[in-house]
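# A closer look at the structure
Listed below are the residues making up each chain.
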Amino acid sequence: MFPQRLLVAWLAGVRGGGLLALLANQCRFVTGLRVRRALQIAQLYGRLYSESSRRVLLARLWRRLHGRPGHASALMAALSGVFVWDEERIREEELQRSINEMKRLEEMSNMFQSSGVQCHPPEPKAQTEGNEDLEDKEQPWEMVMDKKHFKLWRRPITGTHLYRYRVFGTYTDVTPRQFFNVQLDTEYRKKWDALVIKLEVIERDVVSGSEVLHWVTHFPYPMYSRDYVYVRRYSVDQENNMMVLVSRAVEHPSVPESPEFVRVRSYESQMVIRPHRSFDENGFDYLLTYSDNPQTVFPRYCVSWMVSSGMPDFLEKLHMATLKAKNMEIKVKDYISAKPLEMSNEAKATSQSSERKNEGSCGPARIEYA
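Rules used in this analysis
Residues numbered from 1 in each chain as written. Predicted model: local features only at pLDDT ≥ 70, side-chain atom pairs only at ≥ 80, totals over all residues. Heavy atoms only, no water. Helix = DSSP H or I, 4+ residues; strand = E, 2+ residues; numbered from the N terminus. Contact = heavy atoms within 4.5 Å. Areas by Shrake-Rupley, 256 points an atom, 1.4 Å probe, with all protein chains shown as cover. Core = buried A, V, L, I, M, F, W, Y, C linked by side-chain atoms within 4.5 Å. Buried < 20%, exposed > 50% of the residue type's maximum accessible area, 1.4 Å probe, protein only. Lys, Arg positive; Asp, Glu negative; His and termini not counted. Salt bridge = Lys/Arg side-chain N within 4 Å of Asp/Glu carboxyl O. Polar contact = N/O pair within 3.5 Å; in protein donor to acceptor, adjacent residues only side chain to side chain. Pairing = 2+ DSSP bridges. Phe/Tyr/Trp six-rings, centres within 6.5 Å; stacked < 30°, edge-to-face > 60°. Lys NZ or Arg CZ within 6 Å of the ring centre and 35° of its normal. pLDDT = per-residue confidence, 0-100.

Further remarks concern the overall build of the protein chain. Scanning the protein chain for helices and strands turns up 11 helices and 10 strands. Residue pairs at least 24 apart in sequence account for 62% of intrachain contacts in the protein chain once pairs closer than 6 positions are excluded. Summing over all exposed atoms, the protein chain offers an accessible surface of approximately 21000 Å²; the carbon and sulfur share of this is 55%.

Next comes the structure, spelled out in structure tokens:
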């Protein structure tokens with residue numbers, strides 16, 4: 001700003017500078033517009049977001065732009081309230097990583113099945129050499145529940161008080177297609193999941209098929225309700241006879257933090273389904289890996305108990321909802337057979353409608369959570 005003012009002053013003082021004086025005035029005008037625009041953006045985000053939310057937003061912008069010249073357009077997109085899909089979409093390697101973990105678990109399960117040795121989930125392989133030290137520090141998976149058609153493990157997340165959970169189970173009375181579609185159908189879930197307060201798709205990506213959802217759910221009394229903003233993507237691998245659904249938390253400008261709910265900012269989920277025969281015949285195995293930070297003030301063992309007991313309950317509700325849809329022939333959208341053109345048109349319509357939404361105000365973030 002200071003060098004620019006010197007340049008303006010110099011131009012204004014040039015002898016015979018009628019044109020130069022006009023140029024100097026224009027520079028001052030443009031500079032003033034930019035300053036006012038920056039102040040308006042800052043005031044807007046000051047109203048929309050709490051202090052903690054703004055820190056998270058600025059930290060993300062810094063990580064994206066630091067050391068990456070030419071990304072000023074990404075900064076402007078974020079400040080103007082545009083979701084940057086290039087940074088947030090779920091990529092093919094994330095889907096493939098989940099599929100590979102399912103394959104390794106199946107290999108180990110087959111290896112030890114005949115000997116009766118208890119099978120623990122396989123450790124994911126290091127992606128780079130720099131991850132080897134981190135892998136060594138991770139603790140082994142601990143068995144939490146072992147039933148005939150259901151096994152649950154947990155493992156501490158390094159550097160936190162939280163656990164990552166892993167479920168390996170089997171269903172024989174519903175088809176993989178039915179089970180998969182019931183998970184994805186947001187309208188049907190509002191009917192079978194009594195905990196849902198709100199569940200809607202905010203925006204879709206025409207490139208990858210990823211979509212951003214806003215999910216508000218009841219938590220056990222006396223805790224506040226929680227809300228999640230997350231991106232999800234699903235894929236059907238015909239060659240390997242697998243289906244995969246990956247979700248993780250993101251920030252979206254059209255869904256600012258609300259004083260009515262506690263925003264869960266750390267959330268990941270990967271579901272892989274392996275049909276016993278085909279997508280339309282009864283019987284399949286599934287692997288669910290899950291972690292989130294519900295931001296409670298309760299001790300670690302209380303949170304662990306809630307998740308360990310809540311996850312089997314949710315899976316059983318999902319199973320019963322699938323059976324109900326099958327036996328009563330409830331109409332559930334078939335996501336597997338959805339045509340790319342239909343998805344693209346739907347995505348464009350969703351994106352346009354999200355741009356027309358009014359931005360609400362946001363109160364201060366809670367210091368403590370129940």
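This brings us to the nonpolar core. Counting residues in hydrophobic clusters, the biggest one holds 41 residues, and the most contacted among them are Val-167, Phe-180, Met-271, Ile-273, Tyr-286, Met-311 and Leu-315. Ranked by residue count, the leading element in this core is helix α10 (residues 300-327), at six residues. With 21 residues, the next largest nonpolar core counts Ile-90, Trp-153, Val-244 and Val-272 among its residues.

Another aspect to go through is the side chain of Arg-226. Mapped onto the elements, Arg-226 comes out in strand β6 (residues 226-237). As a buried residue without a salt bridge, Arg-226 has its nearest oppositely charged side chain in Asp-292, at a separation of 7.9 Å. Here the side chain of Arg-226 touches Tyr-224 through a polar contact of 2.9 Å, landing on its backbone oxygen. At 2.9 Å, the side chain of Arg-226 forms a polar contact with the backbone oxygen of Gln-295.

Tallied over the full model, the rule gives 21 salt bridges. Residues Arg-248 and Glu-94 are paired through a salt bridge, measuring 3.1 Å at the closest nitrogen-oxygen approach. Here the residue Arg-248 occupies a position in strand β7 (residues 242-249), and Glu-94 occupies one in helix α6 (residues 92-113), the gap between them amounting to 154 residues. When salt bridges that share partners are traced, they join Asp-86, Arg-89 and Asp-205 into one network.

Consecutive residues of a regular strand have side chains that alternate between opposite faces of the sheet. One ladder, built from seven bridges, connects strand β4 (residues 196-204) with strand β5 (residues 211-217); its direction is antiparallel. Of the residues in β5, the one forming a bridge with Glu-203 is Val-212. Where β4 folds back onto β5 in an antiparallel hairpin, the turn is made up of six residues, including Gly-209, whose phi is positive at roughly 85°.

Next up on the list: the environment of Arg-177. Turning to its location among the elements, Arg-177 is positioned in helix α8 (residues 176-184). The spacing of Arg-177 and Val-236 is 59 residues in sequence and 9.9 Å in space, taken between C-alpha atoms. The contact partners of Arg-177, leaving out residues within four places of it in the chain, are Met-243, Phe-279, Asp-280, Asp-334, Ile-336 and Ser-337.

According to the stated counting rule, one finds 15 aromatic pairs in the structure shown. Centre to centre, the rings of Tyr-230 and Tyr-267 are 5.5 Å apart; their planes meet at 70°, and the pair counts as edge-to-face. Of the two residues, Tyr-230 is situated in strand β6 and Tyr-267 in strand β9 (residues 267-275); the sequence distance between them amounts to 37 residues. On the basis of relative accessibility, which here comes to 6%, the residue Tyr-230 falls in the buried class. An aromatic cluster is defined as three or more aromatic residues linked by ring pairs; in this entry it consists of Trp-215, Tyr-228, Tyr-230, Tyr-267 and Tyr-290. Seen from the ring of Tyr-163, Arg-154 lies directly overhead, with NZ or CZ sitting 4.2 Å from the centre.

Let us now look at the pairing of strand β1 (residues 142-147). In this sheet, strand β2 (residues 150-156) lies alongside β1 in antiparallel orientation, the contact comprising five bridges. Counted as the bridge partner of Glu-142 is Arg-154 from β2.

Looking at the element boundaries, Ser-266 is found in the loop between β8 (262-264) and β9. Linking Ser-266 and Val-229, residues 37 residues apart in sequence, is a C-alpha distance of 9.9 Å. With sequence-adjacent residues up to four places away left out, Ser-266 is seen in contact with Ala-249, Ser-291, Asp-292 and Asn-293.

The next point concerns the confidence of the model for the protein chain. Summarising the model, the protein chain shows a mean pLDDT of 75, and 58% of its residues fall at 70 or more. The secondary structure element of the protein chain with the lowest average pLDDT is helix α11 (residues 340-355), at 45, and the one with the highest is β5, at 97. Counting contacts from residues 124-136, a segment whose pLDDT is below 50, to residues more than four positions away or on other chains yields 10 contacts. Residue range residues 339-370 is modelled with pLDDT below 50. Its contacts to residues more than four positions away, or to other chains, number 56 contacts.

If you trace the backbone, Val-212 turns up in strand β5. In sequence terms Val-212 and Ala-249 are 37 residues apart; their C-alpha atoms lie 9.1 Å from each other. Each residue touching Val-212, except ones within four places of it in the same chain, is listed here: Phe-83, Trp-85, Glu-200, Val-201, Ile-202, Glu-203, Val-229, Tyr-230, Val-231, Val-250 and His-252.

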